[in-house]
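A look at the structure
The residues making up each chain are set out below.
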Amino acid sequence: MLSRAIHPFRRALFAAALLAAACAGNQKRNPSTDVHDAAVATAPAPTRAEPAPQCRADADCGPGQACSSGQCIAASRCDLLRVSFAFDSAQLDERAMQSLRDDAQCLKQRRAAALLVEGHCDERGTTAYNIALGARRAEAVKRYLADLGIGARIETVSFGKELPAVQGTGEAAWAKNRRAELKAQGDTRSDGKPVSL
């Protein structure tokens, strides 16, 4: 009789031991506290970004940077434009001068040390005449940029009518071909060669 009374107690003890073993096998592991080589693993410390240098003007910043609100930041990329001319003219009109004023801001951001101004013409006229007209157009742009305070060394070249921006005959095509284009070091000239100043 005594052995029958102990038997349920053994069953309960056995069940408790099984339950404890099962719970021990299902414990969740925390990877940040796992022991590897007798050391506690931890997440790497976050890196802090270096503060931007302080500045008062663009000249206080490095190449390719501009001063904005007292901080040197990457200068925005700007592209140089082309300006158009009237037929048989090397005069800059108001629209061309505004484009050049915008270009002057771009040039100051890029801190270009040297520039190339290409002069172009439409297909009308002789080759010799258009080479001379293209040269006058390039010189007009060069003088205006100098008047705007651009200190870069500026060279000019005339392609005359040899390298049209668009093919075709008629005022729509001719108007696009009567132009001057600004190129900086590293740009590609209209003839496909790299600008080397």
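For clarity, every value in this text was computed on a predicted model and none was experimentally measured.

The helix and strand inventory of the protein stands at 4 helices and 8 strands. Helices (α) and strands (β) of the protein occur, in sequence order from the N terminus, as α-β-β-β-β-β-α-β-α-β-α-β. Looking at the protein residue by residue over its 197 residues, the buried ones come to 28%. Of the accessible surface of the protein, which amounts to about 13,100 Å², a share of 56% is contributed by carbon and sulfur atoms.

Estimates place the volume of the largest pocket at around 210 Å³. Looking at the lining of the largest pocket, the elements with two or more residues in it are β5 (82–84) and α2 (94–110). Taken together, the residues of the lining of the largest pocket break down into 4 nonpolar, 2 polar and 3 charged.

If you check α2, its first and last C-alpha atoms are 24 Å apart, about what 17 residues at 1.5 Å a residue would give, namely 24 Å. Restricting attention to buried positions, one finds in α2 the residues Ala96, Ser99, Leu100, Asp103, Ala104, Cys106 and Leu107. Positive backbone phi, at 50°, marks Arg111, one or two positions downstream of α2.

What follows is about unusual backbone geometry. A positive phi angle is found at Asp88, which is not glycine, with a value near 55°. You can see Asp88 is positioned in the loop between β5 and α2.

The next point concerns the pairing of strand β6 (residues 114–120). Two faces make up the sheet, and in a regular strand the side chains alternate between them. With respect to burial, β6 is a largely interior element, 7 of its 7 residues being buried. Side-chain alternation along β6 places Ala114, Leu116, Glu118 and His120 on one buried face and Leu115, Val117 and Gly119 on a second face that is also buried. Handedness of the crossover joining β6 and strand β7 (residues 153–160) through helix α3 (residues 127–147) is recorded here as right-handed. By the bridge criterion, 6 bridges tie β6 to strand β8 (residues 179–184) in an arrangement that is antiparallel. Bridged to His120 within β8 is Arg179.

Our focus in this paragraph is the pairing of β8. Most of β8 sits out of view: 6 of its 6 residues are buried. Along β8, one buried face is formed by Arg179, Glu181 and Lys183 and the opposite face, lined by Ala180, Leu182 and Ala184, is buried too. Of the pairings in the sheet, the one linking β5 to β8 comprises 3 bridges and is antiparallel in character. Residue pairing in the sheet places Ser84 in a bridge with Arg179 of β8.

Parameters and conventions
- Residues numbered from 1 in each chain as written.
- Predicted model: local features only at pLDDT ≥ 70, side-chain atom pairs only at ≥ 80, totals over all residues.
- Heavy atoms only, no water.
- Helix = DSSP H or I, 4+ residues; strand = E, 2+ residues; numbered from the N terminus.
- Buried < 20%, exposed > 50% of the residue type's maximum accessible area, 1.4 Å probe, protein only.
- Areas by Shrake-Rupley, 256 points an atom, 1.4 Å probe, with all protein chains shown as cover.
- 1 Å grid on protein atoms, 1.4 Å probe; cavity = no way out; pocket = protein on both sides within 12 Å on 5 of 7 lines; lining within 4 Å.
- Points joined across faces, edges and corners; volume = space filled by probe spheres on them.
- Nonpolar A, V, L, I, M, F, W, Y, C, P; charged D, E, K, R; others polar.
- Expected span 1.5 Å × (residues − 1).
- Right-handed = clockwise from strand over helix to strand, strands pointing away.
- Pairing = 2+ DSSP bridges.

All we've got here are geometric facts, nothing functional implied.
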